[in-house]
Every structure is written in C-alpha cells, then in structure tokens.
Amino acid sequence: MARIEYTDWTVPVAQVGSRAGQTMQVDRDFPAPGGIGDSIVGVKEGEPIHVNGQFDSIIDGLIFTGTFTAPVTAVCARCDRDLSGDWSEQVTAFFPYEDADAGKTKNEDVEIIAGEEESGDTYPLIDNGAFANIEPLLRDTFVSALPLNPLCKPDCKGLCPQCGLDLNESPEHVHEVTDLRFADLEALKEQLEREQGE
Ligand SMILES: [Zn+2]
Ligand SMILES: [Zn+2]
C-alpha cells in the first residue's frame, strides 16, 4: 500500500466513499495555507479557516458543499484604513474518484453530464478515494474571492498625495499651488511683452 502523506488539510473520507448516498459532516478549523493574497488583502498563513460543510458521495466521486470563514487582513487600497475581518465564502467542489471504471460507456456518459453541470472546481482524491486534500480548495477559494483593490467605501477619496492627510475627513483640503515653472513663464511673458512694446 502506498504511504499517505498526512497534512493538516487531509480529510479522511473513506467512510463516505464506500458507496453513493453517504454524507460526512466537517465542522472545524484548518490552518490557512500560504500564498493567499498579499499585504493589501490576504489570509495569513496558519490562521484558522473555519470549514463547515459536508462531503456527499455520488456515483463517481464526492461533492463538498459548505462555507469557509477566514480571518482576512485588509487595508483600503486608497486610504490605508484597516478593513480586517472575517470573510465567508460558499463553496461547492467535486472530488472525482480515480477512474477505476474508465472504459465503461456508462462512466463516460456520467462524465459528460458532470462536465456540463460542473460550476465549482474539481480536485483529486488521494489513496484510492480514502482522503481528500482540501488545501488547494481553500487556497483557490480565497485567492479568487478577495478583491484586488479593497476599498473602505466605493468613493473613498484616499490620502493627500502631498501630505498624507485623509481626504475623507477633510474633503476641502488643498495646498496653495505655487508652481515655480509657471511663475517663471509668467515673468518671461511679461518681459517679452515689455520688449516688444519698446
Ligand atoms: Zn479608504
Ligand atoms: Zn495635503
């Protein structure tokens, strides 16, 4: 027998995989895998992601449906305001059995139908369907769900580019514009006009 590498994300599912129509509940925390997001928005590696859902066995694999809830750290991309908080995502994923029945016409039909209806992602089971590794599912779910540019509100005015003041709190804030280039041009223009007039 092949040795299984147990990870923090390996869920034993043999009890539901034995035949179709079985259900297994999952309701616990898993450590966040690395690589979700960045310093603007992301889930820190090792932080607990709560998984609440169930594996249901159908003829050609397991379907996981449930909710992932992760502590997302985020700041507004414009004003740096802290937007951290729990983020929940509904998930549906398919874990097909390795094609033990490959070659049967019946199985091909099932796969075509599954392919058409499949809206969620597909992940492999390991050790002949004994374990489901949900790490890629956790990662993919949050990587695709998190916004690239989180904003504290859609019309966030951001920070003053010159002094860093929060423009949401001081919308009237402006700096006296004394642009030396224009001041020089103005002086040159006056000088030329004087010379022409002479
Ligand atoms: Zn903001
Ligand atoms: Zn300013």
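Residues numbered from 1 in each chain as written. Chains lettered and ligands numbered in written order. Predicted model: local features only at pLDDT ≥ 70, side-chain atom pairs only at ≥ 80, totals over all residues.

Novice: Provide a residue-level description of the sheet that holds strand β1 (residues 10-12), including the pertinent values.
Specialist: The strand order across the open sheet built from three strands is β1-β9-β8, with neighbouring strands paired in antiparallel fashion. Of all the strands in the sheet, the pair left with one neighbour each is β1 and β8 (125-126). Where β1 lies against strand β9 (residues 131-133), three bridges are found, and the strand directions are antiparallel. Bridging across to β9, T10 finds its partner in N133. (Pairing = 2+ DSSP bridges. Helix = DSSP H or I, 4+ residues; strand = E, 2+ residues; numbered from the N terminus.)

Novice: Can you break down the nonpolar core residue by residue, with the values?
Specialist: The biggest cluster of nonpolar side chains holds 26 residues, and the ones touching the most others in it are V43, I49, L62, A70, F95 and A132. Secondary-structure elements contributing two or more residues to this core are β4 (48-58), β5 (61-74), β6 (85-96), β9 and α3 (135-145). Considering every element that reaches this core, the biggest residue donor is β5, with six residues. When residues no more than four places from it in sequence are discounted, the contact partners of I49 are D29, F30, A32, V43, F68, T69, A70 and L138. (Core = buried A, V, L, I, M, F, W, Y, C linked by C-beta atoms within 7 Å. Buried ≥ 20, exposed ≤ 12 C-beta atoms within 10 Å, placed from the backbone. Contact = placed C-beta atoms within 7 Å.)

Novice: Which residues make up the pairing of β5, and what are the values?
Specialist: As paired elements, strand β3 (residues 41-42) and β5 share two bridges and run antiparallel to each other. Directly across from V41, in β5, lies its bridge partner A74. As defined by bridge partners, β4 adjoins β5 across nine bridges and the pair is classed as antiparallel. For H50, the partnering residue across the bridge sits in β5 and is T69. Sheet topology note: the β5/β6 ladder contains 12 bridges and is antiparallel. Pairing of T65 across the sheet is with T92, part of β6.

Novice: How would you explain the confidence of the model for the protein chain if you had to name every residue and give the values?
Specialist: In the predicted model, the protein chain carries a mean pLDDT of 85, and 83% of its residues have values of at least 70. Within the protein chain, the element-level pLDDT minimum falls on helix α2 (residues 105-117), averaging 45, and the maximum on β4, averaging 97. Within the model, pLDDT remains below 50 along residues 101-119, and this stretch shows seven contacts once partners closer than five positions in the same chain are excluded. (pLDDT = per-residue confidence, 0-100.)

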